[in-house]
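What follows is the residue order along each chain.
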Amino acid sequence: MQLPIYMDNHATTRIDPRVLEAMMPYLTGEYGNAASRSHGFGWTAEQAVETARAQVAKLIGATAREIVFTSGATESDNLAITGAVQAQGGRGHVITQATEHKAVLDTCAWLEKQGCRVTALPVDAEGSIRIEDLRAALRPGENQEKPLLVTILAANNEIGTLQPIDEIGALCHEHGVLFHTDAAQAVGKIPIDVNRSRIDLLSISGHKMYGPKGIGALYVRRSSPRVQLAEQMHGGGHERGMRSGTLNVPGIVGLGAACEIAGTEMEAESVRLAGLRDRLQAKLLAGLHHVRVNGSKMRRLPGNLNMTFAGVDSETRMMGMKDVALSSGSACTSAKIEPSHVLRALGLDDEAAHSSIRFGLGRFNTEEEVDYVADRLIEVVKMLRELSPQFADIT
Ligand SMILES: *Cc1c(COP(=O)(O)O)cnc(C)c1O
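Residues numbered from 1 in each chain as written. Predicted model: local features only at pLDDT ≥ 70, side-chain atom pairs only at ≥ 80, totals over all residues. Heavy atoms only, no water.

Draft legend 1. Structural detail: the layout of surface pockets. Estimated volume of the second largest pocket: approximately 300 Å³. Together, 13 residues line the second largest pocket, and Arg 37, Glu 46, Glu 50, Arg 53 and Glu 239 are the ones closest to its centre. Of the residues assigned to the lining of the second largest pocket, the class counts are five nonpolar, one polar and seven charged. (1 Å grid on protein atoms, 1.4 Å probe; cavity = no way out; pocket = protein on both sides within 12 Å on 5 of 7 lines; lining within 4 Å. Points joined across faces, edges and corners; volume = space filled by probe spheres on them. Nonpolar A, V, L, I, M, F, W, Y, C, P; charged D, E, K, R; others polar.)

What follows is the structure, encoded as structure tokens:
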């Protein structure tokens, strides 16, 4: 076993060697511009892009023409949300929920400044929206216009909670409101079908699924309904006018390869990851008092575990465990450490949020690593609690 151990696969993933191999020709000899129509360099690049487009589409049950390549899920979220609102007049009601990624929350906050009305639905103790809340929000009040867009993520990046996207999609469809989902954590990890879930717009990120960084995609439904988006990037009219800019051919090829691999391996991989996660969870629950699992134990990503270790500041804990890469329940903004808005939305107080750790298991983690992390963490938590007067006698 090699140290350090990487167990922060919600933040980013290691590129799969097979993905890198698929990309290599396009980082070296095949350097054509996919928009060049007059020579073989361009044709080869274009062919590679179209193959990747089909690979991405297949993983989510879409057609190739519905895939727009972007620089990542942040850009996809911006294009989907702002683009859909602007295409419908630029003002109106947008519905989201409390535990979205900042790429969605900050885009909604920006739209609010432009004159939109934004409703952020609360979540229950497991991190899931209540479908009745969405139904109520979709019903316009007196003197209120019909909502333009619902944006609710598929799987949360901190607690792994899966939102009921089938029900959300059905409800949005029934009301004739567009449904965007940020599926950066879900695609390639759990089965996603844009038609079954009646999704109109869906964001994908390459580096969350063993592909390269700086590449992503947006699924844009082309029929029933045909979704219109206002472009956010002006230029040469690439990607059917929705996203100008010379295509990142190696990145796109890498994303395509990552989707292909996920399509064939996801089923077995998710069983393996859930097994490792459950093993880690069981060991920590057995080895320590005053710990608890955040989010849903049933409806969550297979590789996700988020736990609160009472009395142990997770930043301090990190200091004691430099050989394991984990994430704390806090987000470092420029100056101060803020408690996670996701954990706060579940009802955790600041102290509990600061005592929480996110474990992100991925394709390259092993059982041996899980055992090492569990043992080390139990040791470190007990040690830190011994130093804390509040916990001295209950470890
Ligand atoms: C990582 C992530 C993003 C941002 O994706 P980038 O490709 O890094 O821009 C957005 N939403 C969720 C849920 C994520 O996990």
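Structure's up, so let's keep going.
Draft legend 2. Representation of the packing of aromatic side chains within the structure. What the rule picks out here adds up to two aromatic pairs. With a centroid separation of 5.7 Å and 85° between ring planes, the pair formed by Tyr 210 and Phe 364 is classed as edge-to-face. With Tyr 210 in the loop between strand 7 (201-205) and strand 8 (216-220) and Phe 364 in the loop between strand 15 (356-360) and helix 11 (367-387), this residue pair connects regions lying 154 residues apart in the sequence. Sitting above the plane of the Phe 364 ring, Arg 14 keeps its charged end 5.9 Å from the centroid. (Phe/Tyr/Trp six-rings, centres within 6.5 Å; stacked < 30°, edge-to-face > 60°. Helix = DSSP H or I, 4+ residues; strand = E, 2+ residues; numbered from the N terminus. Lys NZ or Arg CZ within 6 Å of the ring centre and 35° of its normal.)

Draft legend 3. Up close: a nonpolar patch on the surface. A cluster of nonpolar residues, Leu 20, Met 24 and Leu 27, forms a patch on the protein surface that exposes about 260 Å² of accessible area. You can see Leu 20 is positioned in helix 1 (residues 17-27). Residue classification places Leu 20 among the partly exposed positions, given a relative accessible area of 37%. (Patch = residues over 30% accessible without salt bridge, like charges linked within 9 Å, V, L, I, M, F, W, Y side chains within 5 Å. Areas by Shrake-Rupley, 256 points an atom, 1.4 Å probe, with all protein chains shown as cover. Salt bridge = Lys/Arg side-chain N within 4 Å of Asp/Glu carboxyl O. Buried < 20%, exposed > 50% of the residue type's maximum accessible area, 1.4 Å probe, protein only.)

Draft legend 4. Here's a closer look at the sheet that holds strand 5 (residues 147-151). Across the sheet, which stays open at both edges, the seven strands sit in the order 2-8-7-6-5-3-4 with mixed pairing between neighbours. Each end of this open sheet is capped by a strand with a single partner; those strands are strand 2 (67-70) and strand 4 (117-121). On average, each strand axis in the sheet is inclined to that of its neighbour by 20°, with strand direction left out of account. Of the strand pairs in this sheet, strand 6 (residues 178-182) and strand 7 are connected by three bridges, and their pairing is parallel. Bridging across to strand 7, Asp 182 finds its partner in Ser 203. (Pairing = 2+ DSSP bridges. Axes fitted to C-alpha atoms, helices over the stretch in contact; angles between N-to-C directions.)

Draft legend 5. Summary view of the site of the ligand. Close to the ligand lie Gly 72, Ala 73, Thr 74, His 101, Asn 157, Asp 182, Ala 184, Gln 185, Ser 205, His 207 and Lys 208. Here Ser 205 contributes a side-chain N or O atom positioned 2.7 Å from an oxygen atom of the ligand. Measuring from an oxygen atom of the ligand, one finds a side-chain N or O atom of Lys 208 at 2.7 Å. Calculation on the ligand without its partners gives an accessible area of 380 Å², and the protein chains cover 88% of this total. Looking at the shell around the ligand, its residues break down into two nonpolar, seven polar and two charged. (Near = heavy atom within 4 Å. Polar contact = N/O pair within 3.5 Å; in protein donor to acceptor, adjacent residues only side chain to side chain.)

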